[in-house]
Amino acid sequence: MRSFIVGLAITFRMQSSYSRWWEGRIQWDKLSADSRSFARTIWLHVPLPKPAENTDDIPDKIEVIRCVHALAVALKHHLRGERDCGECSDLERLLAHLPNYNYTATNHPLTLTLHLSSVVERYRLLSPGVLDTQVLTHLLTHVDGFTSVISACERLLRTPIPLGYNIAISRIVWIFVFALPSQLWGELAWWTVAVTIITAYALFALAEVGLEIENPWGEGPNDLDLDRYCNLLRLDLDDILAHPQDSSCNKAYLTTRSNRALVNVEDSNMTID
């Protein structure tokens, strides 16, 4: 019976901690997906300015997409408790292109969502009919998604497993370890010492693993590798920027000889210009 109670307590602790770790991974994956979709929409579906238009009123697409990457980097530092730009040299470089940015802000990810919202608003104020309503709705939806991810990540950071659970599980494990020798001595004699030590080590190791992965935002080997995720997102955004924006260039890209993956393999007589 005691073994069942201890096993149940340890399982609860491990499952609760892993659920938080996995929720963190899901939220970061949502951030990556929203970032790619937002950048793709900006790059391909927002019309290029005409030569006669005043380009000062139109946000530069490359700068906007850089801001999306800066948001991910800012969230990484925010979740690690690095709120000062002076502590984050990589973030400071990414923010250098933003005019009138508030470097004293305490929540840089939220500040960057405000910047993205203002960019979408500037696109909305373009000449009537320039920006499709569906494209505008799509952009605003992704900005809302950024805010939702920031809030979810902050919830995991600021709402640890209640201390009462940790105290109760720790006491249950200690009681079990102290009572174990009396149960084993009749059959194992002096081997009871070794078995008790090994059992105690295993139980406390499992409890420590639960404590280690409870907060997925650190920099330890068991935490989420946010540095790698940010680098992968930067590479994805670079690929989006490398794609041609002009529709005539897109048509040539789809039918180029080097792009054989898009050719219908069943049509052996198809020729590519």
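Up top is the structure these notes are about.
The paragraphs below set out a description of the structure included in this document.

Cut-off values and rules
Residues numbered from 1 in each chain as written. Predicted model: local features only at pLDDT ≥ 70, side-chain atom pairs only at ≥ 80, totals over all residues. Heavy atoms only, no water. Helix = DSSP H or I, 4+ residues; strand = E, 2+ residues; numbered from the N terminus. Buried < 20%, exposed > 50% of the residue type's maximum accessible area, 1.4 Å probe, protein only. Contact = heavy atoms within 4.5 Å. Axes fitted to C-alpha atoms, helices over the stretch in contact; angles between N-to-C directions. Parallel < 35°, antiparallel > 145°, perpendicular 65-115°, else oblique. Left-handed = near helix turned anticlockwise from the far one by under 90°. Nonpolar A, V, L, I, M, F, W, Y, C, P; charged D, E, K, R; others polar. Phe/Tyr/Trp six-rings, centres within 6.5 Å; stacked < 30°, edge-to-face > 60°. Lys NZ or Arg CZ within 6 Å of the ring centre and 35° of its normal.

1. Brief notes about the environment of Pro109
Examined against the element boundaries, Pro109 turns out to sit in helix α4 (residues 108–124). Judged by its relative accessible area of 0%, Pro109 is buried. Along the sequence, Pro109 and Ile150 sit 41 residues apart, while their C-alpha atoms lie 7.2 Å from each other. Setting aside its immediate chain neighbours within four residues, Pro109 contacts Leu71, Ala74, Leu75, His78 and Ile150.

2. A short note on the packing of helix α2 (residues 61–79) against helix α5 (residues 133–158)
Contact geometry for α2 and α5: axes closest at 11 Å, N-to-C directions at 15°. Taken together, the axis directions place α2 and α5 in an arrangement best described as roughly parallel. Seen from above, α2 lies across α5 with right-handed handedness. Residues Val68, Leu71, Leu75, His78 and Leu79 of α2 form the contact with α5, whose own contacting residues are Phe146, Val149, Ile150, Cys153, Glu154, Leu157 and Arg158. A per-class count over the contact of α2 with α5 returns nine nonpolar, one polar and two charged.

3. Overview of the packing of aromatic side chains
Using the criterion set out here, one finds five aromatic pairs in the structure. An aromatic cluster is built from Tyr18, Trp21 and Trp22, whose rings are joined through pairwise contacts. Above the face of the Tyr229 ring, Arg25 is positioned so that its terminal group lies 4.3 Å from the ring centre.

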